[in-house]
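# Topology and contacts: notes
As a plain string of letters, each chain reads:
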Amino acid sequence: MKSSNKEIAKKIKIVICDVDGVLTNGSIAYGNYKDDYREFNAHDGFGFALLKKAGIKTAIITGKSSNAVQRRAKELSVDMVCQNVKKKLPVFKRVLKKFKLKPEEACYIGDDLLDLATLQCAGFSVSVSQACAEVRTSVDYISQKNAGSGAFRDTAEFILKAQNKWAGIIEYYSG
């Protein structure tokens, strides 16, 4: 019998996510220059800060390469960023090895077929509400928030509440 999501989330020491379709709504805008543009959500960004405050590491694994992603990750103090990744599972395992963690201590948030193998390996697998059907049917938790509109923050709060760290976060920011 599989443990409840709350029990699974208690073990999480790192949250790893995709970018397009998780931290963004999946849109990519191209201008006249060589870089592309992405729009990020401040609530999701604060989710990274909340995890860091609670001692939980963060990482990004994305299939594309983007200066915008690198810049956002730096602003958020993301512990590790892996871009231009075609097969995410080997990179996911490399991230875990770097931080000396086991798969059951990792949460992975994804939305599409490129994320399936990684989601199946992670201890706590999460998708956004509009992820493809194959992803939604294979994860432990589906955020009710949309991609690029708070799904990462929703997941961070779920984990922090499961680990009984939420009250301390509230106390810190209200006092």
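The preceding data block contains the structure.
This report concerns the structure included in the present document. Quick caveat, the model's predicted, so the values are computed rather than measured. For every chain, the first residue of its written sequence is number 1, and the numbers climb from 1 along that sequence. The predicted nature of this model means local features are confined to residues of pLDDT at least 70 and side-chain atom pairs, given and counted, to a pLDDT of 80 or more, with totals for whole chains, interfaces and linings taken over all residues. No hydrogens and no water enter the side-chain calculation; it runs on all heavy atoms of the structure.

## Some details on the pattern of salt bridges
- In what follows, salt bridge is the name for a side-chain nitrogen of Lys or Arg lying within 4 Å of a carboxyl oxygen of Asp or Glu. Throughout the structure, instances matching the rule amount to ten salt bridges.
- Of the charged contacts in the structure, one is a salt bridge between Lys10 and Glu7, with a shortest N-O distance of 3.1 Å.
- Glu7 gets classed as partly exposed once you look at its relative accessible area, which sits at 38%.
- One network of salt bridges, in which partners are shared, links Asp18, Lys88 and Asp115. When accessible area is computed with a 1.4 Å probe and restricted to protein chains, residues below 20% of their type maximum are described as buried, those above 50% as exposed, and intermediate ones as partly exposed.

## Looking at the pairing of strand E6 (residues 106-110)
- In terms of burial, E6 is a largely internal element, five of the five residues being buried.
- The two faces of E6 match: Ala106, Tyr108 and Gly110 on one face and Cys107 and Ile109 on the other face are all buried.
- Note: two strands are recorded as paired if DSSP finds a minimum of 2 bridges between them. Counting from the N terminus, the helices are the DSSP runs of H or I reaching at least four residues and the strands are the DSSP runs of E reaching at least two. Here strand E1 (residues 14-17) runs beside E6; their pairing, made up of four bridges, is parallel. Looking across to E6, one finds that Ile14 is bridged to Ala106.
- Of the strand pairs in this sheet, E6 and strand E7 (residues 124-127) are connected by four bridges, and their pairing is parallel.

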